[in-house]
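Structural description and commentary
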Amino acid sequence: MSTAGYLSLTDADLAAMLDAIGVDSIDDLFEQIPEGVRFGRALDVPEALPEAALVRHLEELAERNADTSRELSFLGMGIYDHYVPAIADTFLSRGEFLTAYTPYQPEMSQGVLQAIFEYQTAICELTGMDVSNASGYDGATVAADACFIARHHTGRTKVVLAETLNPQVRQVVKTYAPGFGMEVVEVPHDGGTTDPAALADAAHDAALVIFQQPNAFGCLEPAPELAAAAANAGALPVAHVDLASLGLLEAPGNYGCAMAIGEGQSIGNYQSYGGPHYGFLAARTEFIRRMPGRIVGETTDLEGKRGFVLTLQTREQHIRREKATSNMTTNQTLLALAGLITLCWLGPEGLRELGETCTALAAYAKERVGLPVAFERPHFKEIAFRTPIPARDVVARAREHGVHPGYPLGRDYPGLDDVLLVALTEKRTPADVDRLAEVLAEVTS
Amino acid sequence: MELIYEKSQPGRRAGRVPSYDLPVPKIPAELLREAPPRLPEVPENEIVRHFTALADRNFGIDTGFYPLGSCTMKYNPRVNERVVGLPGFRDLHPLQEDEGAQGALELMWELQQILAEVAGLPAVTLQPAAGSQGELTGLMLMRAAFADRGEPGRNVIITADTAHGTNPASVTMAGFELEKVATTDRGNLDLDDLRAKVDDRTAGLMLTNPSTLGLFDEGIQQVAEIFHSRGALLYYDGANLNAVVGRSRPGDMGFDIVHYNLHKTFSQPHGGGGPGGGPVAVRAEIEPFLPAPSVVRDGDAFRLDHDRPKSIGRVRGFAGPFGVFVRSYAFMRAYGPALQDMSEVAVLNANYLLAQLRDVYDLPYDRLCMHEFVLSARSMKREHGVTALDVAKRLMDHDIHPPTIYFPLVVAEALMIEPTETETKERLDEFVDAMRSIAAEAASEPETLKAAPLTRPVRRLDEVKAAKEPVVRHAFDTPRAVDRIEAG
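Residue numbers run consecutively from 1 along every chain, following the written order of its sequence. Chain labels run from A onward and ligand labels from 1 onward, assigned in the order the entries are written. Per-residue local features of the predicted model are confined to residues with pLDDT of at least 70, and side-chain atom pairs are confined, for both listing and counting, to 80 or more; whole-chain, interface and lining totals are unaffected and use all residues.

**What to know about the overall build of chain B**
Cut-off, in case you're wondering: The helix and strand labels rest on DSSP assignments: H or I over at least four residues marks a helix, E over at least two residues marks a strand, and numbering proceeds from the N terminus. The reference for a compact globule is 2.2 Å times residues^0.38; the radius of gyration itself is calculated from the C-alpha atoms. Put simply, a residue is buried when 20 or more other C-beta atoms lie within 10 Å of its own C-beta and exposed when 12 or fewer do; between those, it is partly exposed, and each C-beta is set from the backbone. Once C-beta atoms have been placed from the backbone, residue pairs whose C-beta atoms lie within 7 Å are recorded as contacts.
For chain B, the helix and strand inventory stands at 17 helices and 12 strands. For 488 residues, the compact-globule formula gives about 23 Å, and the C-alpha radius of gyration of chain B, at 26 Å, lands near that figure. Principal axes of the C-alpha set define a box for chain B whose edges measure 75 × 70 × 40 Å. Within chain B, buried positions represent 59% of all 488 residues. Counted over contacts in chain B with a minimum sequence separation of 6, partners at least 24 positions apart contribute 72%.

**Things to note about the overall build of chain A**
Tallying secondary structure elements over chain A gives 14 helices and 14 strands in all. Considering chain A as a whole, with its 445 residues, one finds that 65% of them fall into the buried category. Considering only intrachain contacts with a sequence separation of at least 6, the fraction spanning at least 24 residues in chain A is 71%.

**Here's the deal with the interface of chain B and chain A**
Using the following cut-off: Charged residues are taken to be Asp, Glu, Lys and Arg, nonpolar residues to be Ala, Val, Leu, Ile, Met, Phe, Trp, Tyr, Cys and Pro, and polar residues to be all remaining types, Gly included.
Between chain B and chain A, the residue contacts involve 173 residues of the former and 172 residues of the latter. A per-element tally of the side of chain B that touches chain A places helix 11 (residues 339–357) of chain B first, with 12 residues. Classifying every residue of the side of chain B that touches chain A by side-chain character gives 93 nonpolar, 42 polar and 38 charged.

**Here's the deal with the pairing of strand 6 (residues 236–241) of chain A**
Residues and elements named next belong to chain A. Threshold: Two strands pair if DSSP finds at least two bridges between them. Look down the strands so they point away from you; if the path from the first strand over the helix to the second goes clockwise, the crossover is right-handed.
Counting buried positions along strand 6 gives six out of six residues, so the element sits mostly inside the fold. Along strand 6, one buried face is formed by Leu236, Val238 and His240 and the opposite face, lined by Pro237, Ala239 and Val241, is buried too. As paired strands, strand 5 (residues 206–213) and strand 6 are joined by six bridges and run parallel to one another. Within strand 6, the residue paired with isoleucine 210 across the bridge is valine 238. A crossover links strand 5 with its parallel partner strand 6, the connecting element being helix 10 (residues 223–232), and its sense is right-handed.

**Some remarks on the packing of helix 6 (residues 110–127) of chain A against helix 12 (residues 333–368) of chain A**
All names here are of chain A. Filter applied, for reference: What counts as an axis is a line fitted to C-alpha atoms, over the stretch in contact for a helix, and the angles between N-to-C directions run from 0 to 180 degrees. Here the word oblique covers every angle except those under 35 degrees (roughly parallel), over 145 (roughly antiparallel) and from 65 to 115 (roughly perpendicular). Two helices that cross are described as forming a left-handed crossing if the nearer one is turned anticlockwise from the farther one by less than a right angle, and a right-handed crossing if clockwise.
Two elements in contact, helix 6 and helix 12, have axes whose closest approach is 9 Å; the angle formed by their N-to-C orientations is 60 degrees. Considering their axes alone, helix 6 and helix 12 lie oblique with respect to each other. Judged by the twist between their axes, the crossing of helix 6 over helix 12 is left-handed. Where helix 6 abuts helix 12, its residues Val112, Ala115, Ile116, Glu118, Tyr119 and Ala122 lie against Thr333, Ala336, Leu337, Gly339, Leu340 and Leu343.

**Focus on the sheet that holds strand 2 (residues 156–160) of chain B**
Residues and elements named next belong to chain B. With mixed pairing, the seven strands of this open sheet are ordered in space as 1-7-6-5-4-2-3. Taken across any chain shown, the strands that pair with only one partner, and hence form the sheet edges, are strand 1 (123–125) and strand 3 (177–181). Going from strand to strand, the sheet's axes swing by 25 degrees on average, the running direction of each strand aside. Bridging between strand 2 and strand 4 (residues 202–208) involves four bridges; their strand directions are parallel. Looking at the pairing, isoleucine 157 lines up with glycine 204 of strand 4. Helix-sheet contacts for helix 5 (residues 131–148) involve strand 2, strand 4, strand 5 (233–238), strand 6 (257–260) and strand 7 (280–282), and the interaxial angle to strand 6 is about 165 degrees.

**Description of the environment of Ala363(A)**
All names here are of chain A. Here alanine 363 shows up in helix 12. Taking the number of C-beta atoms within 10 Å as the measure of exposure, alanine 363 has 18 and is therefore partly exposed. Note: C-alpha distance between alanine 363 and leucine 424 (61 residues apart in sequence) is 9.6 Å.

**Details of helix 4 (residues 102–119) of chain B**
Residue and element names in this part refer to chain B. Quick reminder of the rule: Any helix carries an expected span of 1.5 Å times its number of residues minus one.
Relative to the 26 Å expected for 18 residues at 1.5 Å per residue, helix 4 spans 26 Å between its end C-alpha atoms, a close match to the ideal helical length. Helix 4 sits mainly inside the fold: 13 of its 18 residues count as buried. Two residues or fewer after helix 4 comes glycine 120, characterised by a positive phi angle close to 70 degrees.

**Quick notes on unusual backbone geometry**
Cis geometry marks the peptide bond from Phe407(B) to Pro408(B), where omega comes out at -5 degrees. Relative to the helices and strands, Pro408(B) is located in the loop between strand 11 (404–405) and strand 12 (414–417). Put simply, Ala452(B) and Pro453(B) share a cis peptide bond, and its omega is 5 degrees. In this fold, Pro453(B) is placed in the loop between helix 15 (446–451) and helix 16 (463–468). Positive phi values are uncommon outside glycine, yet Ser272(A) reaches one of about 45 degrees. Note that Ser272(A) resides in the loop between strand 7 (259–263) and strand 8 (279–283). Classification of Ser272(A) by C-beta neighbours within 10 Å gives buried; the count is 27. One non-glycine residue, Phe318(B), lies in positive phi territory at about 60 degrees.

**Description of the sheet that holds strand 6 of chain A**
Residues and elements named next belong to chain A. The mixed open sheet is built from seven strands, whose spatial order is 2-8-7-6-5-3-4. Sheet topology places strand 2 (131–132) and strand 4 (183–187) at the edges, where each strand pairs with a single neighbour. Two strands pair when backbone bridges link them, and strand 6 and strand 7 are joined in this way by three bridges, in the parallel orientation. By the bridge assignment, valine 238 is partnered in strand 7 with methionine 259. Together, strand 3 (158–162), strand 5, strand 6, strand 7 and strand 8 form the strand contacts of helix 7 (residues 141–154), whose direction differs from that of strand 5 by roughly 150 degrees. Sheet strands touched by helix 8 (residues 167–180): strand 3, strand 4 and strand 6. Its angle to strand 4, the strand with the most contacts, is close to 155 degrees.

**Looking at the pairing of strand 14 (residues 419–423) of chain A**
Residue and element names in this part refer to chain A. Counted residue by residue, strand 14 has five buried out of five residues, so it is predominantly covered. By the alternation rule, side chains of strand 14 split into Val419, Leu421 and Ala423 and Leu420 and Val422, which are all buried. Of the strand pairs in this sheet, strand 11 (residues 382–386) and strand 14 are connected by five bridges, and their pairing is antiparallel. Counted as the bridge partner of glutamate 382 is alanine 423 from strand 14. Bridge count between strand 13 (residues 407–408) and strand 14: two bridges; the pairing is antiparallel. Opposite tyrosine 407, over in strand 14, you have leucine 421 as the bridge partner.

**Re the confidence of the model for chain B**
The condition that has to hold: What pLDDT conveys is the predictor's confidence in a given residue, as a value from 0 to 100.
Per-residue confidence for chain B gives a mean pLDDT of 96; residues scoring 70 or more make up 98%. Low pLDDT, under 50, characterises residues 480–488 of chain B; the stretch is placed with eight contacts to residues that sit more than four places away or in other chains.

**Regarding the packing of helix 3 (residues 51–63) of chain A against helix 4 of chain B**
Between two packed helices, the angle of one axis relative to the other and the distance separating the axes together describe the packing. Viewed as axis vectors pointing N to C, helix 3 of chain A and helix 4 of chain B meet at an angle of 130 degrees, and their least axial separation amounts to 6 Å. Taken together, the axes of helix 3 of chain A and helix 4 of chain B are oblique relative to one another. Note on element contacts: helix 4 of chain B touches helix 3 of chain A through Gly103(B), Glu106(B) and Leu107(B), opposite Leu61(A), Ala62(A) and Glu63(A). A class-by-class count of the residues in the contact of helix 3 of chain A with helix 4 of chain B yields three nonpolar, one polar and two charged.

**Points about the domain arrangement of chain A**
Our working rule: Each domain's extent is set by a domain assignment, obtained either automatically or from a database.
Along its sequence, chain A is carved into domain 1 (11–63), domain 2 (74–82 + 348–444) and domain 3 (87–340). Averaged C-alpha coordinates put domain 1 of chain A and domain 3 of chain A at centres separated by 41 Å.

**A look at the nonpolar core**
The criterion, for reference: By convention in this section, buried Ala, Val, Leu, Ile, Met, Phe, Trp, Tyr and Cys residues joined through C-beta atoms within 7 Å make up a nonpolar core.
By size, the foremost hydrophobic cluster in this structure holds 314 residues, and its most contacted members are Ala146(A), Cys147(A), Leu208(A) and Met259(A). When near neighbours in sequence (up to four residues on either side) are disregarded, Leu208(A) contacts Ala146(A), Cys147(A), Ala150(A), Val159(A), Ala235(A), Leu236(A) and Val238(A).

**A closer look at helix 5 of chain B**
All names here are of chain B. The end-to-end C-alpha separation of helix 5 is 25 Å, in line with the 26 Å expected for 18 residues at 1.5 Å each. The buried fraction of helix 5 is high, at 14 of 18 residues. Taken from the residues just after helix 5, glycine 150 is the one with a positive phi, measuring 75 degrees.

In structure tokens, the structure reads:
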């Protein structure tokens, strides 16, 4: 008998099942494991906890984290405390979505297949692209995916990254590039944004150029000029974008980008200490057969009724094996579903308003905080300030006042130790910004 | 049913965003959006009805039995959803100072300890987002280890002919060459074939054990010897770990690098395709190359260690899919050392089904199985023209999710069945009845099977058409707002 954990095997079951199999014990079933590699003792792991004790234990761990309900936070740098609508929670807890596997059997999975088709449509609309996959792991790995596509499309091996592309995204690209036979070149920023002429020089012979809009400093890049500089050099222009900005800012497809990628967390996902979230990857039609991961397509059933299936599967690992466009199988469908629901909830007006409110709050912070801005550039929802003492120390001191004032850029950018990146979402209020200004004044004076 | 876009009416809306009456700064015109995205304009009530209807057209473990081989579709405990929603986890920013994330870091460190004990290997990275990313990470670790050892010429990875497609695809992405090894009639790796293929160009082996046939490789010790004696490494694809937890450990089998699928063995719900989690464990010699940052303990405090000079680098943003860690950790703590019972019942359930079905379907490898087994419909196809696909579609009419079909590739008309440990004998018996009744139908009325499913929201779908003329986004039949403005 075993009723440990989530088991419910009775003595009667066990006897009947062993009898049907024709063995005397469970040990007999494990005889095929050679004696030399059988594990001969109990696992040395912490004791089992019944549900109430388990919840208490996890509550104790959770209480030791300074989450954004305990601390007034202005942290961003790729992950943002945007509002997640209640209906996103509602459907993520529906077992039909939550507990389904990848929709290999379409007749059992029309719900999630149609939802992914709707998600792909939304991503294409926001980015101005023709095709989106069903999601990538996160905003960093989709950049590596874009490199793999560009390597095979152009036959070139150079990756050009703007230094103002999120540092973690650049680190992941550098980890993947050697396996692809690619080398990475970075273009330094010039006063907070990327100089199109410098980018044009670097883009010579490159497979692709990846820049970020709004960039990692919160500044708005001259994105159309950067895309043109890349394209003129024969490199694929790729924009790493924030979905939350795309009600307000132009779609990368409308200024000449070949692909648009990014981290979807800001639309529909909680911060969750960095994951799970969804990465998105959208491209022009010509790249459709090089896309990694799942893609859902429309079709008809044998009665002519509309339905949806996983399509173009000859790209994928389970069919093409070593010739596949990627090794990807598990993706981030449930998180992408939250993104779709949130986009439906916002609608085109709401998405624009979201962008306006965040930009307006950032402008208010610029005005209220008594520190010089680090970069005189147009901004979206993040503003970088110069601090008279190291920004790390500002963070430590401000946290003693219950305010997390933002991200010290010196952690990733040598020479910017005195720059603090402050992020504003619609969940912060003008009063919150006043409080930030007050605390920053106190800890920097 | 209609797409959400087809329910859209201009001017309708659901959510409202605060404005705070602040002036919006001017953004350069060339950066501003010219035409609004055609997102649906639908009230909240209708959004809820839409996604409720979609949920009704989807089948999860919560709906019914889901014996999808190699996917380990076990019950996903709801307490895990409760704890992952605690604000201290859910609303924690990943760039919070370590001192403000001690609970999260402790949870990750504890999870690493349990995973290390399960694999029998000392060092763990939690960073990879899925099993396939774990594979890629493992191959990068091999490359780094050989470069460090001064053997950069080791460029060949050997995989089994029964391997998941991710293995050869990962080999390509990591820049290695692929070599395949055959499987014997008993379902073990062919040792003679292996001996002939392993040499000083071999970087390593990627193997699932038990294999995708659901069989434990009886020669695993000799396999490890062949690779290790020639200086190569062994990678364990943990897709089938649910068979052996507490019964046999990959590290003890001789594997040097192991990935886990937290969404299989440790019950992270798979969400219709993801998320997952693919932590990797390694021997001490390979630890210096693990991705940065890693989670380390200093006395009573925990921190992210970014200072790892020999690391392969970062494979994903931040420290990994944390919400997945919370669920899997909670799952492990609900069992404690009885995680062993989990694997035992998984193996018992699979063997029970095998015993009840072996006389009506072909059994290509006549052995006791581990946590899953592979049947074949080849006799049925020869005698009645009924294929594995037809069997799968007909199971849907019994409200059962089909098994994995046409995999592994070494078995014709394969039906790969994995019941998992959380199904009761009554559920297993229902499945047996359904499979036996389908076998009877194959002989008596094969046309019914060919027409199945008959009870789902759609009939069989034309996948060839979908691939031939790909329609991968909605084609709006109304002009975009900007076009409307220009036209009128």
